[in-house]
Amino acid sequence: MRFLALLATAVIPGAIQAQQMVTPLGIPMQRMGSGTTWIPDATPLPSRQGMAGSWFLMVHGFGFVQYDAQGGARGDEQLGSLNWAMLMASRDLAGGRFQVRTMLSLDAATVSTRGYPLLLQSGESYRGQPIHDRQHPHDFWMELAVMYEHAVSSKLGLALYAAPSGEPALGPVAFMHRPSAMDNAFAPLSHHWQDATHISFGVVTAGIFGPNWKIEGSAFNGREPDEERWGFDRLRLNSYSGRLTINPSARWSFAAGYGFLRNPDALRPTESLHRATASLQYGRQIGVDGQWATTLVWGGNRHSGDYSHSVLVESEAVFDHHNTLFGRFEVVHKTAEDLVLPTGPGGFAPESTFRVASLSIGYGRELARTRWSTLGLGVQAVVNRVPSALEASYGSRTPIGGMLFIRLRPFHSLHAKSEMGMPGGTAR
Ligand SMILES: [Cu+2]
């Protein structure tokens, strides 16, 4: 309460409306990740906040312009832009907090509906064929949702989330919303083992929560977005999931859950999928203006038979207003079908599975800053590791890729102290 009031005062001098703002159980608004996920309180995402009448507004997003190059026979290069913006508006309603939110992306235009080059990536389709060695673009309507939270006592609240396009209670925070990956524009290779349901056309989630825990259940559309990226897909609630989240302190967040996805893949329309995931996030402030965030994720998919596993660890350190270092390591099991490798006589068995790994390291340097935004220049290098069976297809056992980028995002109001005390960031 006090924090929000101070914040509103910093944004709009004399504003007192924020005092009417209810955050049920005193949970800071910045804990909200993608969908209904939580991130550690200590490492919020950069955003701008303000009041409009009785509405509390929050805007955030990222715009990259990147040159992406992926080596080897299955590689490609592209000059494009990855981007998303999110607007949240919240207000008091009937003793609780009501929120409308939307997240939009122009990726389908700026990296094309074929997506961007990314070795060993798989998932979704383009012109009726499975996408491989590229990451599909995100849909324009990444999220359009309403949420209502109501405290029933000082220790217990109820939440309801409904979205024609949104994220069910399944998986970790979607990668673009993780403080540990905010400057890492490449999607994880384990996206479709972990957080790919973050765009689902039809989601209803109900939850109960305390000040530091939450249990949620969702009914949602298990079908992946189709390759038409601008409109809404047909809304369905044919799948379900459940998730437990615990934020034991400001620095930690743990989540685990399970989901059943009915017929996720349009190209394999009779196959359903079970998914289990668990994730751990750690975050702490560095100095006055910096932060360091790390995420560990396990995700498994099961069609029938055994689970196919993926593990990811990633970290991002914003040292100060100039220097950011980030990286990711992951290992995931993909089939010859996932990677669209030649199958049949002389080729692989469709179910043959390969363990692939990827390590990426990136550095970003802030170049210019306004009161509201900051512009950075960055570089990222990726080294993959494939089994010898894939050497012929990829031209090497260690195919490489990378990205050069310019990135615009809201100026670090990362830490409330610097926002309230030193607008514009006086350090350095
Ligand atoms: Cu995605």
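Every chain is numbered independently, its residues counted from 1 as its sequence is written. Where totals are concerned, whole chains, interfaces and linings use all residues; where local detail is concerned, this predicted model gives features only for residues with pLDDT of at least 70, and gives and counts side-chain atom pairs only at 80 or more. Based on all heavy atoms of the structure, the side-chain values leave hydrogens and waters out of the count.

(A) The arrangement of the coordination of the copper ion in detail. Those protein atoms acting as donors to the copper ion are H138 (NE2), H191 (NE2) and H198 (NE2), and they sit at 2.1 Å. For Na, K and Ca the donor cut-off is 3.2 Å, while for other metals it is 2.8 Å, and in both cases only N, O and S atoms qualify; water is not among them, so sites may look incomplete. One chain supplies every donor to the copper ion, and in sequence these donors are spaced H-x52-H-x6-H. In this pair, H138 is assigned in the loop between β7 (129–135) and β8 (141–151) and H198 in the loop between β9 (157–165) and β10 (203–210), connecting sequence segments 60 residues apart. Exposure is judged per residue with a 1.4 Å probe applied to protein chains only, and the accessible area is read against the type maximum: over 50% gives exposed, under 20% gives buried, and values in between give partly exposed. The buried category is assigned to H198, whose relative accessible area is 5%. The numbering of helices and of strands both runs from the N terminus, where a helix is a DSSP run of H or I of at least 4 residues and a strand a run of E of at least 2.

(B) Region of interest: the pairing of β10. At least two bridges found by DSSP between two strands is the condition for calling them paired. Bridge analysis of β9 against β10 gives 7 bridges, and the strand direction is antiparallel. Residue pairing in the sheet places A162 in a bridge with V204 of β10. Inspection of the sheet shows β10 paired to strand β11 (residues 213–220) by 8 bridges, in the antiparallel sense. Residue pairing across strands places G210 opposite W213, the latter belonging to β11. What sits between the antiparallel neighbours β10 and β11 is a turn of 2 residues.

(C) Looking closely at the confidence of the model for the chain. Overall, the predicted model of the chain reaches an average pLDDT of 90, with 91% of residues at or above 70. pLDDT gives the predictor's per-residue confidence on a scale running from 0 to 100. We call two residues in contact whenever any of their non-hydrogen atoms come within 4.5 Å of each other. Every residue in residues 1–22 is under pLDDT 50, and counting partners more than four places away or in other chains gives 39 contacts. Counting contacts from residues 416–428, a segment whose pLDDT is below 50, to residues more than four positions away or on other chains yields 27 contacts.

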